[in-house]
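# Observations on chain architecture
Each chain is listed here by its residues.
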Amino acid sequence: METYVQSHPIPVAQPPKHASPLGRWLRHEILASPIQAVGTLLGLSLALTLIWALVDFTIVNAVWTGSNRAACAMVDQQLGACWPFIKDKLGQLMYGFYPADARWRVNLVYAVGLVLLIPLLHPRARYKLHLSIAFFGLFPLFAYVLLYGGPVFRPWLRAGATLVCFLALTCLAVHLKLINEQPFARQVRAFGLVVASIVALVVGLAIAPVFEVADRLNFALLLLCLVALAENRSPRGEDRVWAERGFCLAWAGFVLGLSCGFDIVAQPALQIIPTSQWGGLFVTLVVATTGIVASVPIGIVLALARRSSAPIIRTLAIGFIEIVRGVPLITILFFSTYMLPLFLDQPPDGLVRVLIGVSLFAGAYMAEIIRGGLQAIPKGQYEAAASLGLGYSQTMGLIVLPQAIRLVIPGVVNSFIGLFKDTTLVSVVSIFDLLGGMRAAFTDPAWSGPSILYTGFAFTGMIYFGFCYLMSSYSRLMEEHLRVDHRT
Amino acid sequence: MFSQRIKNLMGCVFAAVTVMTSSAAIAGPTLQKIKDRGELACGVSQGIGGFSMPDSSGKWTGLDVDLCRAIASAIFDDPNKVQFVALSAKDRFTALQSGAVDLLSRNTTWTMSRESALGMSFSVVNFYDGQGFMANKSLGVSSLKDLSGATVCLTSGTTHEMNLADYFRTHKLKYEAIVFVTADETIKAFEANRCDVYSADTSAVYAQKSKLKQPDEYVVLPELISKEPLGPAVRQGDAEWGNIVKWTHFAMINAEELGVNRANVVEMRKSENPEIRRLLGLEGNLGESLGLSKDWADRIVRHVGNYGEIFEANVGSQSPLGIKRGVNSLWSNGGLQYAPPIR
């Protein structure tokens, strides 16, 4: 019985000869075995055939100039693209019925959006907070004013005034909560304050019947805000309170003055372009962007609510998610378009209804994706957060959600891509999106011919592919950057 | 206990249905609603060449579209005060019932069930369509009667198969049908000589013909074997509005009959012909009794044209479709387009 013991080190071997990176790649990845070699050849020939067919159709056999179907009669014989058709219909496909002399507004929104979005998407960009506020807070308002039209400044004033009023009301609520701990005399004053607020609200609503409803509400809120500020004492110290008061009063006066001033002096206004005239790729992008941006916060709130320990909140979240997920999107759109007007006297604008429907629908799906991420976070993370003395919002915001969302990026992007393609369903509400516009263009007898259908679908296919591929490439980049898969 | 709950449920459903139907019915005089809104909401198709489709500059064109423009002209003296709402074939009736559109001018066949069960009201036919046939010229056929033993390409899911079977059985002719799922497949098969004739509604036959590689080598046979009267529909319960739609069409027919067209309508105001004078509102007060102005028909012809003009421009000889007037000729020319007199 002998045991073998290695008594001296094995000499270091030379690397294999001819091992250039290309050669190794070919030998190990491509031609490792006969089966693999055959597979490679088959795949290569298939890819070449398809690419050649595409090049043949879109470039070699294609017609590039012309003004009607006669120009494309040639490609009808040999299957090529009829690009003059796309050129002729391009305005319709990109902007729908949006008036040609106002299309610069859409282009400007695109440009501003891109300028804000591109640095925001860069993983190591600076000023991210500022950019986020600009893109998610100010840009939608800017886009609304420019795309829809109407008075240029009023929406900003309204939004600003509403924001300030809600801030002031939050101050008031905090103040009232703190006042419980105060002496009796101050409690009485707090009670008086509540009464005064209600009076202010009523007066505000009644006093300004000359204004529109939204203005009247704003006015009432402003009065309420003034009353609240007059009594607001934050626990942080006297000087700060005076600063806050002064700021809010100045802002309220500024907003009121401006509103009144602009109502008296004619303010600059853009031509209103009703959403029924929006269309093409433009409307596809509006619906997709709104849905994508809105679905994430909706999804986070719903996911957290569904995992909440409060039974009412949890039940409501489960009910909402299951009902919305259990109904096809087209049903929601159809209902909001044709049924809602039967119940409401003044239903909101058709596109707004679509945007709300799409956001809620995408939000419900997003909630389940994010919940998956939340469930993957080990219990230790929660316990660690608790041991540091973090509350619920801090635990979620600082510890759990960042990890959870990082985990579910592939699922989230999957949902975004699905949503982008689902936007074609807006055709049920009589809006021609990119695909709807293309289908309408097919019916033009001035262009009808055998090659039109192929050309049109090839073109829309390329656009959809471009956008979806960009999204998935970006998600890969982000995953790489965040190293979510814990690769060593 | 359980049946009680079902009864309650049924009660709820009935209440909901009542609310829905009643709110549709009490929508009030449509004309007033349109005037308040400042434009006519007209339900059109999502693209049917020659009937309603947006052109390359985004302007709606077509025979059905021109009817909407004519009505807008009669009400507002402006053919552009129309909001076109593009509807799919599935959604069109719901859209009309819910009040989303005032009028459906969307290539819709007037049938009994649509009036008796769907609450629509049709009153005029602006295009007499019907199932027709197209054959290769080399076949040398000039009439359906020559088609015994032919193979026919058609699209499934329509009434065409049934019409075809009925027609060939009653005329004791033999045929063989080859059925396809989509219209584009059907026409491709016909082009590839899978069958001798192609069959669909005439308007569609002409539209498909323009998609062929050599359209001139094919001929559309003169016979129609089914009735597909296409016309505008309104909700039941507002006869005043129905009258406006109906008489807009009749005004265009009468204008053609009297030789009043877009080019000469101003000239025609000097005419001595009492019929023309009544049409143009120079005598009598007929427009105002409709709830419109005296010169309502003058506006229609001035802005849109007479029936012959809109037919030729959209689907007839001046359009790529090139549909012959045929049954859509005036009654005085042997067609079916006939309008009661304006007096």
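Residues numbered from 1 in each chain as written. Chains lettered and ligands numbered in written order. Predicted model: local features only at pLDDT ≥ 70, side-chain atom pairs only at ≥ 80, totals over all residues. Heavy atoms only, no water.

### Concerning the domain arrangement of chain B
Residues and elements named next belong to chain B.
- Partitioning chain B into structural domains gives domain 1 (30–128 + 229–333) and domain 2 (131–226).
- Relative to domain 2, the C-alpha centre of domain 1 lies at a distance of 31 Å.
- In this assembly, 7 residues from domain 1 lie in contact with 4 residues from domain 2.
- For the pair domain 1 and domain 2, the summed buried surface comes to about 490 Å²; carbon and sulfur atoms form 74% of the total.
- Applying the counting rule to domain 1 against domain 2 returns 0 residue pairs in polar contact (both at pLDDT 80 or more).
- Classifying every residue of the side of domain 1 that touches domain 2 gives 5 nonpolar, 1 polar and 1 charged. (Domains from an automatic or database assignment. Contact = heavy atoms within 4.5 Å. Buried area = accessible area lost by both parts, 1.4 Å probe. Polar contact = N/O pair within 3.5 Å; in protein donor to acceptor, adjacent residues only side chain to side chain. Nonpolar A, V, L, I, M, F, W, Y, C, P; charged D, E, K, R; others polar.)

### Looking at unusual backbone geometry
- Phi at Y127 of chain A is positive, roughly 55°, even though this residue is not glycine.
- Relative to the assigned elements, Y127 of chain A resides in the loop between α5 (103–121) and α6 (128–148).
- Residue classification places Y127 of chain A among the exposed positions, given a relative accessible area of 58%.
- Even without being a glycine, N193 of chain B presents a positive backbone phi close to 65°.
- Tracing the backbone through its elements, the reader meets N193 of chain B in the loop between α7 (183–191) and β11 (197–201). (Helix = DSSP H or I, 4+ residues; strand = E, 2+ residues; numbered from the N terminus. Buried < 20%, exposed > 50% of the residue type's maximum accessible area, 1.4 Å probe, protein only.)

### A word on the domain arrangement of chain A
All names here are of chain A.
- Domain annotation for chain A reports domain 1 (92–98 + 275–482), domain 2 (100–150) and domain 3 (153–267).
- Here the C-alpha centre of domain 2 lies 19 Å away from the C-alpha centre of domain 1.
- On the domain 2 side, the residues contacting the 11 residues of domain 1 number 14 residues.
- Summing the contributions of domain 1 and of domain 2, the shared interface buries around 1200 Å²; its carbon and sulfur component is 66%.
- The tally of links between domain 1 and domain 2 comes to 0 salt bridges.
- Seen at the junction of domain 1 and domain 2, the total is 5 residue pairs in polar contact (both at pLDDT 80 or more).
- Of all the secondary structure elements, the ones that give two or more residues to the side of domain 1 that touches domain 2 are α11 (280–306) and α19 (450–482).
- Its residues assigned to classes, the side of domain 1 that touches domain 2 comprises 9 nonpolar, 2 polar and no charged. (Salt bridge = Lys/Arg side-chain N within 4 Å of Asp/Glu carboxyl O.)

### A short note on the interface of chain B and chain A
- Of the residues lining the interface, 34 residues belong to chain B; the matching set on chain A comes to 28 residues.
- Joining chain B to chain A, the criterion identifies 0 salt bridges.
- At the surface where chain B touches chain A, the tally comes to 5 residue pairs in polar contact (both at pLDDT 80 or more).
- The element contributing the most residues to the side of chain B that touches chain A is strand β4 (residues 82–87) of chain B, with 4 residues.
- Its residues assigned to classes, the side of chain B that touches chain A shows 15 nonpolar, 13 polar and 6 charged.

### Focus on the nonpolar core
Residue and element names in this part refer to chain A.
- F85, M94, Y98, L147, W278, L374 and F459 are the most contacted members of the largest nonpolar core, which has 84 residues in total.
- If one sorts the elements of this core by residue count, α11 sits on top with 13 residues.
- In terms of domain composition, this core takes at least three residues from each of domain 1 (92–98 + 275–482) and domain 2 (100–150).
- Filtering out sequence-adjacent residues up to four positions away, F85 remains in contact with M438, A441, F442, W447 and I452. (Core = buried A, V, L, I, M, F, W, Y, C linked by side-chain atoms within 4.5 Å.)

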